[in-house]
Amino acid sequence: MASAEEAPPARGGASLILAWNITGKDVLIVGGTNVASERVLYALEADARVTLVSPSNSITSALRSRISRGELTWHAREFTVKDLKNKALVMVAGGEEALSRRVASLSRERGIPVNVADIPELSDFWFMSTYRDHALQVAVSTNGNGPKLATRIRQTIANTLPAEAGLAIQNLSLIRQHLRSVAPSEDSRRADFVARLSESWSFESLAKIAQEDIDRLGDAFVADGDLPAPKRRGVSGILSYVSAGSGDPELLVRGAYKSLLEAALVIGDADIPQEILDLVGGELVVLQHSTGRSQLEDLVLPFLQQGDEVVRLLARDALTSNPAILEEMKLFRDGGYAVHAFPAVISSGPVFEIGLHSSSIPPSVNTSADVDVSAQSFALHAGTVQQINGQTAAAHVAYGLSDLSFIYPVTTGAEVGEVMQKWEKTGVSNAFGNSHKVVSMSTRSGAASAVHGALSTGSSVTAVLSSTALTLMIPSMYEIARARKPVVFHVSAQAIAADTFSIVPDIKSVIAAVYTGFALLSSGTVQEAHDLALVAHVAAQIAQAPFLHFFDGARIASEVTSSKILDYQKLATLVRRSVVEPKKKHFDAATATDEAMSLLAATFGHRYDLFEYAGPTDAEIIVVALGPVAKLAQQAAKHIGGSTGVLTVRLLRPWSAAHFIAALPTSVKKLVVIDQAGGNGGHGPLFLDVTACFYSKAWTGRTPVILTARFSEEPGSYHPAAVEGLLLNAALARPDFDYLITAETVDTDADARYSQDGIHQAVLWDLQETDTVDVAQAVVGYLAEDRLTQVHVSHDDAQIDPVSVSHVRYAQGTTAGQPPTSSYLIHSAEYAAVHDLSLLQRYNVAKSVRSNGILVLNTHLTGENLEKEIPDEVKAEIMHKKLRVKTVDATGTATDFTLFKGAVHQYVTLILTAVFLKLAPEVDFPAAMRRLGNTIASTEPDRSILATKLGAIRTGVASIRDVGKFQHAAVSADAKPLPAIVGNSVPFEKLSLKEDDNEEDIQSRVTKPHEGIWPVLFPEAYNTTVNLRPDIPGAFKVKVTENRRLTPDTYDRNVFHLEMDIKGTGMKYEIGEALGVHGHNDPVAVEKFLTEYGVNPNHIVYVDRRDEQSSEIRTAAQMFTQIVDVFGRPGRKFYQALLGHTRDPLQHEEVHNLLSNSELMTRFVEEETPTYADLLAKFTSARPTVEQLLNLIPAIKPRHYSISSAQSMHPDSVHLLVVLVDWKTKSGSDRYGQCTRYLLSTRVGDTITVTLKPSVMKLPKSLTAPVVMSGLGTGMAPFRAFIQERAHWKSLGHEVGPMTLYFGARFRGMEYLYGEEMEAYHADGVLTHLRLAFSRDQKEKIYIQHRIAQDGPMLKEWMLDSEHGSQGVGGGSFYLCGPTWPVPDVRDALVNAFSADGDIPLDAAAELLEDLKERERYILEVY
């Protein structure tokens, strides 16, 4: 590296030095200087995509050379905020300071790490002068995004460490101790020996080390000999197969290259090029053509049995073309050895070719409107039953039949390609035993260029994406099709409804690709997503052409259904069995697809067709549709009966008129095309293609009437009952030619008509952030063990309390029956459960239940109290349908059983799962309970907890109660009806319910006092450390040296001055920074609260921090004094949680009234300002456990106070200026601000915990720049530090600029804070002007804005530069600190000062002030 930056010391913790892999990432560099040229070099060497933004006149010659060679993208202009879009890193090199600060600020707002060359304090990372290996070598700072970056990086590192890492590190410690005992004085050599050991031995070897190994290492250390190798203990080595291909080493993938370098033995064929052999780092053996299998085993096995890696280096493309090699690999794999394959050197041929021959199963025509995959065809399918969604089913095939996948997720939280990334991380090989690489791509213009490039090298490639990304890929798709590259795009077709944020099925983006030359193949179910994904891959190889396989991204992609999935061994066998030379060089895509469907029919147990008809052979009305829409039409046609059929379109492009006409009954008189790409007055390609068929020579009959239809964006419209209206419209003599399918006709009765025989339906309602969201998953998990199931979760994230509704279908028989195939929301469930009673206020859940069905409510309420919680509209629906309403207090039961016995949500899930198994139809409850008990027993090692969980389940099931008939349900005619269904919205990132987004993920437990003594008695064994506040990173412990009141004792405002000793702490603070004080609660009040709550103050509380894998131990008294904000003000969430715990009916009603009446709540909070402790004392029947309280009540937040001292003048102390916050409630109770009370109570010698926080209040860099300070009350604090800093520099002989202080308070005699000190600075000349405004000392009130207005000419002279008419020094900065209220008046005073002479108009003066604000010379810190 040409140069390196020295990373400045990071306050609050060391920098994290690491190598960033930015391969393929977008990096922005702002500036054209020599430093920018270095930054470009760093990014290019790390294989990043570089964008440079700089005007033409500031570009160096080195950068111009790189631009001319096309190494980077250059925008010859100034930086704009749009340049930050989709950038992974930003580097600022050169240019004005204001620009650097602006870019840094905008980058931080967007969470983009930034490096500013000239201003290190703005940088999130610095460059290190270390080795470069296609990665960016940096040190992550603790500024800006730094702490979050470092935390995420450390977490990633921790997650990727091998399982043996902890034991390995522990054993290294034992080795170090042993070496110290055998050679106590050899510190330096011992450190070097241990370092070499940790680098040479693997984690696995270090983890399995025994005492004999430690002794052997000690002997080697004493003898100063070589580091011994680890002993092999039954370790099996790895056999890697690498193809040499054309022999060009540059084409080796990284895994193959690494294996050749590091393998202990490489066995090569006789005709391997020398360029490849030169890469071998270990022993090399070149085989002769006569080498037999036994000779090969003799060479390989000794190395494998020692745990070494052996590479079998094959000539050309033998890995994919030589069956003997496949047999050889199988031989070693069957022997128990790990076999990896790298078709690493890319050749020009396809990965496999499919022979073209007819299947024994001929094309068929369904003569009924049943679903395509019947029970018979499902049973004949060669796959094995799995619970899988459509996205994963397609990904399974894509991953298995390719070596390289590109994924393009677009929607926030989308799962596109996510499962493939997990497979790659866990080392899953593809169907041919080869390694598979998954690359996540950003979606931008030219997004598919990477796919095109990979295909150009001959790679076997697939892409998995959301349809939203397709429009940006079209230019590259044209190029791929023109080159006839066999690739498959698997597309989740969806869109986001603009008004509801719901995800809806949408193929408009897919239709945009119809003219690219890609074949377009459509799937309609989860099973088809798997089957037709395979068809697409096979057909792509036959035709040597690209395919786009698309499916419904709103439903099918996420619906988990029992489906038949081919494992990778079957996939590979199926493909290899058909590997022959193709009869023709190329086939058109339609013929190739038809051939592939024929070829695979025996495997699927069903013959798919390009166009598949279902219905009477003499049908007169026929619906033409794609995907799941066709399934809905089939169900509707079957129900209506008569002369109606449905033609499913599978291959949309290329359109085959011959196949379409061949599948269509000649009796057709009316044709209804459901064309989701149409609308807005135009027709989509499907309608146009269908219409054109009747004007071709192939059609000889009478041209039918052609109608069109489309679905509305309502989630409930995708239902066969909604399609009924379309079919009835088509039967009219004068039908509507452009029909909109809506949900108007979809209700419980209509839904019940379409229930599959032998399939049961259930609906589970949950709040996403409660303990019940796992119930549906648990229920389906138990059902799926012996029956076919389907579950779809619809969720509405576009609201404050997101809701999830799980729609569950299950077969009453075994897995030999027919699976659920109805892919639409359930409106007629036999069983419905509402796991949070508040949902009844938002949804008419009873509308999702069929007549006489079961409705279960999770609540402790009974009788009249329960009836009050159920809206009249819901009660009316319950009464109309005669629903059997039952209650179960799962949450209360779980709470009773989990006091010191585990997490509540686990018990709630178990109880509600058991309730389902008890009440749902066609479930063998005794057998299900035995299975549930066995599952718990196999996962719970603690027998006492096992017994507790089983007891909770029994108690919960026994607590099921029948609810009697409701007395009345008066529904107002004017009332807006409650919604009955939940759509599927965009999965927005959830906002944290914690007070602080950086709060750690913790779990707590309470034990008796004696259980906490072990870590104290045996600190070495428990790795125990003592820390005042281990939960606060970067904290300092400081001692109070002065606590002095500044206002008179008789005055109603207590303003006091604090000084703290920081010697030995390492604290370095800057001018203007704030000190975060981590205050404690009053110990006396805590003891009183714990005693009244029934908690022993000496009980031990363990806090497990999951991200650090550590536990903190405190007593209950310490926890509620130091950590838990029990005397803080609760938010609405706590009241809601309290409602669920309140057992007394009257108290429950009072809490409910507060929650339901905002005016009452506001008055209660404003008049009494109740704390958490107050509410728990008021509502005594609400008794959450201590563990629950620790989750319900946030931690005490630090309070930040501007530092009132300059470290240059006070190097060993830090000062604060604080006013006590106190008030009385309406009932007469005294209240105090938590932290100001804590600080006031501190005494000299007390230790407190503090942290530092940056601030905008910074002095100008120039010592001579004018400074104007305006402070009200304790807003004086930062300005005292400003003045001390300038006084320090003046004492050293430096010239300092003028300073003016405007200070405001009520009375000079009471609140002239630091008055004598300010007068002294004024007399000394450091403080040029001292302007005081004491509002109550005279009849008329005088505020600081009045003083500012009086100094207009001076302020203009100090603040404005010469180009704006200033005749003075200019370049000054204005600061205001204090309450918000004077800000408008201060602004007006400054604007009037700038324009007073008439040379600057008022509007121009206002713009000048805004410009000063942008340049950080007009700074406000108000509250």
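Values in this document were obtained by computation on a predicted structure and should not be read as measured data. (Residues numbered from 1 in each chain as written. Predicted model: local features only at pLDDT ≥ 70, side-chain atom pairs only at ≥ 80, totals over all residues. Heavy atoms only, no water.)

Undergrad: I'd like to hear about the overall build of the protein chain, residue by residue, with values.
TA: Within the protein chain, the regular secondary structure consists of 51 helices and 53 strands. Expressed as a percentage of its 1423 residues, the buried residues of the protein chain come to 53%. Nonlocal contacts in the protein chain, meaning residues at least 24 apart in sequence, comprise 75% of its contacts between residues at least 6 apart. For the protein chain, the computed accessible surface area is about 62,400 Å², with 52% contributed by carbon and sulfur atoms. (Helix = DSSP H or I, 4+ residues; strand = E, 2+ residues; numbered from the N terminus. Buried < 20%, exposed > 50% of the residue type's maximum accessible area, 1.4 Å probe, protein only. Contact = heavy atoms within 4.5 Å. Areas by Shrake-Rupley, 256 points an atom, 1.4 Å probe, with all protein chains shown as cover.)

Undergrad: So what's going on with helix α38 (residues 1116–1123)? Which residues, and what values?
TA: A large share of α38 lies buried, amounting to six of its eight residues. Those residues of α38 not exposed but buried are Ala1116, Met1119, Phe1120, Thr1121, Gln1122 and Ile1123.

Undergrad: If you had to explain helix α18 (residues 474–482) to someone new, which residues and values would you point to?
TA: Taken as a whole, α18 has its buried residues at Ile474, Ser476, Met477, Ile480 and Ala481. The arc that holds the buried residues of α18, viewed along the axis, is 150°, so those residues lie on one side. Along α18, the residues that are exposed and aim more than 90 degrees away from the buried face are Pro475 and Arg482. Looking at the packing, one finds that the buried side of α18 touches α17 (449–456), β18 (488–493) and β22 (547–552). Just downstream of α18, Arg484 is the residue with a positive phi angle, here 50°. (Arc of directions from axis to C-beta.)

Undergrad: Let's hear about the side chain of Arg190: which residues, and what values?
TA: As for its placement among the helices and strands, Arg190 is situated in helix α6 (residues 187–200). A polar atom in the side chain of Arg190 sits 3.5 Å from the backbone oxygen of Ala183. Residues contacting Arg190, with those up to four places away along its chain left out, are Arg176, Leu179, Arg180, Ala183, Pro184 and Phe221. (Polar contact = N/O pair within 3.5 Å; in protein donor to acceptor, adjacent residues only side chain to side chain.)

Undergrad: Give a description of empty space enclosed by the protein that names residues and reports values.
TA: Across all of its chains, the model carries six cavities of 30 Å³ or more by this definition. Lining the largest cavity are 28 residues, with Pro505, Asp552, Arg555, Pro715 and Tyr718 sitting closest to its centre. Every element with two or more residues in the lining of the largest cavity is listed here: β20 (503–504), α23 (627–640) and β32 (789–796). With five residues, α23 is the single largest residue contributor to the lining of the largest cavity. Of the residues that constitute the lining of the largest cavity, the class distribution is 13 nonpolar, ten polar and five charged. (1 Å grid on protein atoms, 1.4 Å probe; cavity = no way out; pocket = protein on both sides within 12 Å on 5 of 7 lines; lining within 4 Å. Points joined across faces, edges and corners; volume = space filled by probe spheres on them. Nonpolar A, V, L, I, M, F, W, Y, C, P; charged D, E, K, R; others polar.)

Undergrad: Please set out the pairing of strand β29 (residues 705–711) residue by residue, giving values where relevant.
TA: It is a general feature of regular strands that their side chains alternate between the two faces of the sheet. When you tally the buried positions in β29, you get five out of seven residues, the bulk of the element. In the sheet, strand β28 (residues 670–674) pairs with β29 via five bridges, with the strands oriented parallel. By the bridge assignment, Val672 is partnered in β29 with Leu707. Relative to strand β30 (residues 738–741), β29 is paired through four bridges, and the arrangement is parallel. Paired with Phe711 across the bridge in β30 is Ile741. Once the chain exits β29 it traverses helix α26 (residues 720–730) before rejoining the sheet at β30, and the crossover so formed is left-handed. (Pairing = 2+ DSSP bridges. Right-handed = clockwise from strand over helix to strand, strands pointing away.)

Undergrad: Explain the nonpolar core residue by residue, including any values.
TA: Core analysis: the biggest nonpolar cluster contains 106 residues, and Phe489, Leu548 and Phe660 have the highest contact counts within it. When residues of this core are assigned to their parent elements, the largest contribution, ten residues, is made by helix α20 (residues 526–543). Formed by 41 residues, the second largest nonpolar core is a distinct cluster that contains Val780, Val908, Leu910 and Ile960. (Core = buried A, V, L, I, M, F, W, Y, C linked by side-chain atoms within 4.5 Å.)

Undergrad: Can you tell me about the sheet that holds strand β24 (residues 611–614), naming the residues and giving the values?
TA: Sheet architecture is open: six strands sit in the order β24-β26-β25-β28-β29-β30, paired in mixed fashion. Each having just a single partner strand, β24 and β30 make up the two edges of the open sheet. Across the sheet, the mean angle separating the axes of adjacent strands is 25° when strand polarity is ignored. Note that strand β25 (residues 621–626) and β28 share four bridges and pair parallel. Across the sheet, the residue bridging to Ile621 is Lys670, located in β28. Across the sheet, helix α25 (residues 685–693) is in contact with β25, β26 (644–649), β28 and β29; its angle to β28 comes to roughly 155°. Running over the sheet, α26 touches β25, β26, β28, β29 and β30 and is turned about 160° from β30. (Axes fitted to C-alpha atoms, helices over the stretch in contact; angles between N-to-C directions.)

Undergrad: Which residues make up unusual backbone geometry, and what values go with them?
TA: The amide bond that connects Arg653 to the next residue, Pro654, takes the cis arrangement and shows omega of -5°. Position of Pro654 relative to the elements: it lies in the loop between β27 (651–653) and α24 (657–663). Phi is positive for Arg484, which is not a glycine, with a value near 50°. Residue Thr1169 is not a glycine yet carries a positive backbone phi of 35°.

Undergrad: Account for the pairing of strand β35 (residues 849–858), with residues named and values stated.
TA: Burial runs high along β35: seven of the ten residues are buried. As paired elements, strand β34 (residues 829–834) and β35 share five bridges and run parallel to each other. Opposite Ala833, over in β35, you have Val856 as the bridge partner. Where β35 meets strand β36 (residues 884–888), five bridges bridge the pair, whose relative direction is parallel. Each residue of the ladder has a partner; that of Ile854, found in β36, is Arg884.

Undergrad: Could you give an account of the pattern of salt bridges, naming the residues involved and the relevant values?
TA: Under the criterion given, the structure shown has 49 salt bridges. Measuring nitrogen to oxygen at the nearest pair gives 2.7 Å for the salt bridge that ties Asp83 to Arg77. Here Arg787 makes a salt bridge to Asp786, at a shortest N to O gap of 3.5 Å. Arg787 gets classed as buried once you look at its relative accessible area, which sits at 8%. Note on Asp786: relative accessible area 33%, which makes it partly exposed. Residues participating in the shared-partner salt-bridge network are Glu528, Glu612, Lys631 and Arg650. (Salt bridge = Lys/Arg side-chain N within 4 Å of Asp/Glu carboxyl O.)

Undergrad: Pulling in residues and values, what's your account of the packing of α20 against helix α22 (residues 589–604)?
TA: Where α20 meets α22, the axes come as close as 8 Å, and the angle between the chain directions of the two elements is 130°. By the angle class used here, α20 and α22 are oblique. Considering how the two elements wind past one another, α20 and α22 form a crossing that is right-handed. Residues Asp531, Leu532, Leu534, Val535, Val538, Ala539, Ile542 and Ala543 of α20 lie in contact with α22, whose contacting residues are Ala589, Ala592, Thr593, Glu595, Ala596, Met597, Leu599, Leu600 and Phe604. Class assignment of the residues belonging to the contact of α20 with α22 gives a composition of 14 nonpolar, one polar and two charged. (Parallel < 35°, antiparallel > 145°, perpendicular 65-115°, else oblique. Left-handed = near helix turned anticlockwise from the far one by under 90°.)

Undergrad: Go over the environment of Ala657, please, and point to the residues and values.
TA: When you line up the elements, Ala657 lands in helix α24. Residue class for Ala657 comes out partly exposed when judged on its relative accessible area of 24%. For Ala657 and Ala698, which are 41 residues apart along the polypeptide, the C-alpha to C-alpha distance reads 7.7 Å.

Undergrad: A description of the packing of aromatic side chains should follow, citing residues and the corresponding values.
TA: With the rule as written, the count across this model stands at 24 aromatic pairs. Centre to centre, the rings of Phe660 and Phe694 are 6.3 Å apart; their planes meet at 80°, and the pair counts as edge-to-face. On the criterion of sequence distance, the pair formed by Phe660 in helix α24 and Phe694 in the loop between α25 and β29 is long-range, its members being 34 residues apart. With 5.8 Å between their ring centres and 45° between their planes, Phe1089 and Phe1120 make a pair best called tilted. Residue Phe1089 is found in helix α37 (residues 1083–1093), and its partner Phe1120 is found in helix α38; the two are separated by 31 residues along the sequence. Exposure class is identical for Phe1089 and Phe1120. Each is buried. One aromatic cluster is present, formed by Phe611, Trp655, Phe660, Phe694 and Trp699 through successive ring pairs. (Phe/Tyr/Trp six-rings, centres within 6.5 Å; stacked < 30°, edge-to-face > 60°.)

Undergrad: I'd like to hear about the packing of helix α39 (residues 1132–1141) against helix α40 (residues 1145–1156), residue by residue, with values.
TA: Where α39 meets α40, the closest approach of the two axes is 9 Å, and the angle between their N-to-C directions is 150°. Here α39 is positioned roughly antiparallel relative to α40, judged by the angle of their axes. Helix-helix and strand crossings are classified by hand; for α39 and α40 the assignment is left-handed. Between α39 and α40, the residues in contact are Arg1132, Tyr1135, Gln1136 and Leu1139 and His1148, Val1151, His1152, Leu1154 and Leu1155, respectively. Residues that form the contact of α39 with α40 fall into these classes: five nonpolar, three polar and one charged.

Undergrad: So what's going on with the confidence of the model for the protein chain? Which residues, and what values?
TA: Looking at the protein chain, the pLDDT average stands at 82 and 84% of residues meet or exceed 70. Within the protein chain, the element-level pLDDT minimum falls on helix α36 (residues 1019–1022), averaging 49, and the maximum on strand β21 (residues 519–522), averaging 96. Within the model, the stretch residues 579–585 combines pLDDT values under 50 with six contacts to residues more than four positions away or in other chains. (pLDDT = per-residue confidence, 0-100.)

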